[in-house]
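Remarks on the overall topology
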Amino acid sequence: MRKNYPIRLTTITPVCIGTGQKLSPYADYIIDEDSKKIFYIDQALVKRKIAEKLNLIDEYVHGVSTGMDNNRSKFNLYKFLKAKLNIDVYTQHQLQLDCEAQGNKELCTIIKNAGIYPYIPGSSIKGAIKTALLYDWIINSKDGRSWLQRFVSALLQNRDDKEMWTKLENELEQALSLFERLQVTDSTQLNDDDMIVIETKRIHIGTGEPTIPQVWEAILEEKQIEFHLGIPYANFSLVDLIECINRFSQDNNQKELMLLNKFGTVFNDKYPEDYTDLVTFYEQINYDIQQSQNKTAYLRIGSGKGYYFNSIAVAVANYEEGKYFSAFLKKYGKGYKFKNPHKFPVTRPIDMSSFKPLGWVKFEVID
């Protein structure tokens, strides 16, 4: 018999469930850095105004497609709309959000209803849960431990044995399919003021230096939504599920703390506040998990949740003190060369306004 549970999801850090689409600062939005607001262009209004002034089409298209005006100067979208089309974006816009980002960067969008109301798809929640369950299968079940032993053996001895790798990968897919019957609904939707635009950067765990900035729409911290979870397994309870999720999250957190403590000396010296904030955050999550008494689950979802939350790598990294991890990266590292595979990956995406990792959420059963 399927057991259905109403679940309350609370965002702990900004959550970004990406659409794969990006908005352009030369066509789709304007950031006012003084007020820390972002204004989304009302494209329907622009089309109507352009239709009334057809002589402006070429100038507008050239500006939004190249970022330059006809004089090869930087295209100023606000001034063009105000002066040429009599549109004041600050009062005539599709959407207005608080914004922590600066400059002219592409904006990664998140899933929303009607382009305005954010929610979390059931598929995103289910995918994150399935990864945690697969991890638990690998480290705690007899079949999973057997698979891991054969997998690491193959990493060392049978790298070119296609038949062996096909068999191992098929076994893993079959194990993952065991959790496919879990049912997770889409969440309830939030309001537009539950969103913010943030700037993320990848922080080097050794030096603390920020690289690769990205701008994202995000669901704010401490926002609550609800979804329903269906567990169809007679021998598997909600408590079992919570234990699996928390064990997965805690093992990942321990990995992060180990890497920061072992390799973050320069990071700590150069940016002691940031380093302390990050370590304290992971320690707090671990403490919260320990205090949860199997009633609350902690997990990461969406974009930026990190390499280990997306793969079986943490199982290999923890197996026999990680002595097979270098071989794992040689096969699955996409041809990259790693100076020290035991601190891979060397960067982490961080929300620069809160200096927290993305995507942390809390699940609680609604009584």
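Note that this is a predicted model, so its numbers are computed, not measured.

As a further point, take the sheet that holds strand S9 (residues 183-184). Strand order in the open sheet made by the five strands is S9-S12-S1-S16-S13, with antiparallel pairing throughout. Edge strands, defined here as strands with exactly one partner in the open sheet, are S9 and strand S13 (296-300). Strands in contact with helix H9 (residues 272-291) are S13 and strand S16 (360-365); relative to S13, the strand with the most contacts, it is inclined by about 150°.

With that settled, the discussion passes to the nonpolar core. Most often, soluble globular proteins have nonpolar side chains that are buried together. Counting 82 residues, the largest nonpolar core has Phe151 and Phe363 as the members making the most contacts within it. Examining the composition of this core, we find that nine residues originate from one element, helix H4 (residues 122-140), more than from any other. Ignoring sequence-local partners within four residues, the contact set of Phe363 consists of Ile7, Arg8, Leu9, Ile125, Ile129, Phe227, Ile245, Lys295, Thr296, Ala297 and Leu299. Residues Ile12, Ile203, Leu259 and Ile285 belong to the second largest nonpolar core, which totals 19 residues.

We now examine the confidence of the model for the chain. The share of residues in the chain with pLDDT of 70 or more is 95%, and the mean pLDDT across the chain is 90. At the low end of the mean pLDDT range in the chain sits helix H2 (residues 57-66), at 80; at the high end sits strand S6 (residues 107-110), at 97.

A few words now on the packing of H4 against helix H7 (residues 238-263). Any two packed helices are characterised by how steeply their axes cross, that is the angle between the axes, and by the distance between the axes. Remark: H4 packs on H7, axes separated minimally by 9 Å, with the N-to-C direction vectors making an angle of 85°. Here H4 is positioned roughly perpendicular relative to H7, judged by the angle of their axes. Across the interface between the two elements, Ile129, Thr131, Ala132, Leu133, Tyr135, Asp136, Ile139 and Asn140 of H4 pack against Leu241, Cys244, Ile245, Arg247, Phe248 and Asp251 of H7. Here the contact of H4 with H7 is composed, by residue class, of nine nonpolar, two polar and three charged.

Now for a nonpolar patch on the surface. Side chains of Leu54, Ile57 and Val61 sit close together on the surface and give an oily, nonpolar patch of about 250 Å² of accessible area. Tracing the chain through its elements places Val61 in helix H2.

So, how was this worked out
- Residues numbered from 1 in each chain as written.
- Predicted model: local features only at pLDDT ≥ 70, side-chain atom pairs only at ≥ 80, totals over all residues.
- Heavy atoms only, no water.
- Pairing = 2+ DSSP bridges.
- Helix = DSSP H or I, 4+ residues; strand = E, 2+ residues; numbered from the N terminus.
- Contact = heavy atoms within 4.5 Å.
- Axes fitted to C-alpha atoms, helices over the stretch in contact; angles between N-to-C directions.
- Core = buried A, V, L, I, M, F, W, Y, C linked by side-chain atoms within 4.5 Å.
- Buried < 20%, exposed > 50% of the residue type's maximum accessible area, 1.4 Å probe, protein only.
- pLDDT = per-residue confidence, 0-100.
- Parallel < 35°, antiparallel > 145°, perpendicular 65-115°, else oblique.
- Nonpolar A, V, L, I, M, F, W, Y, C, P; charged D, E, K, R; others polar.
- Patch = residues over 30% accessible without salt bridge, like charges linked within 9 Å, V, L, I, M, F, W, Y side chains within 5 Å.
- Areas by Shrake-Rupley, 256 points an atom, 1.4 Å probe, with all protein chains shown as cover.
- Salt bridge = Lys/Arg side-chain N within 4 Å of Asp/Glu carboxyl O.

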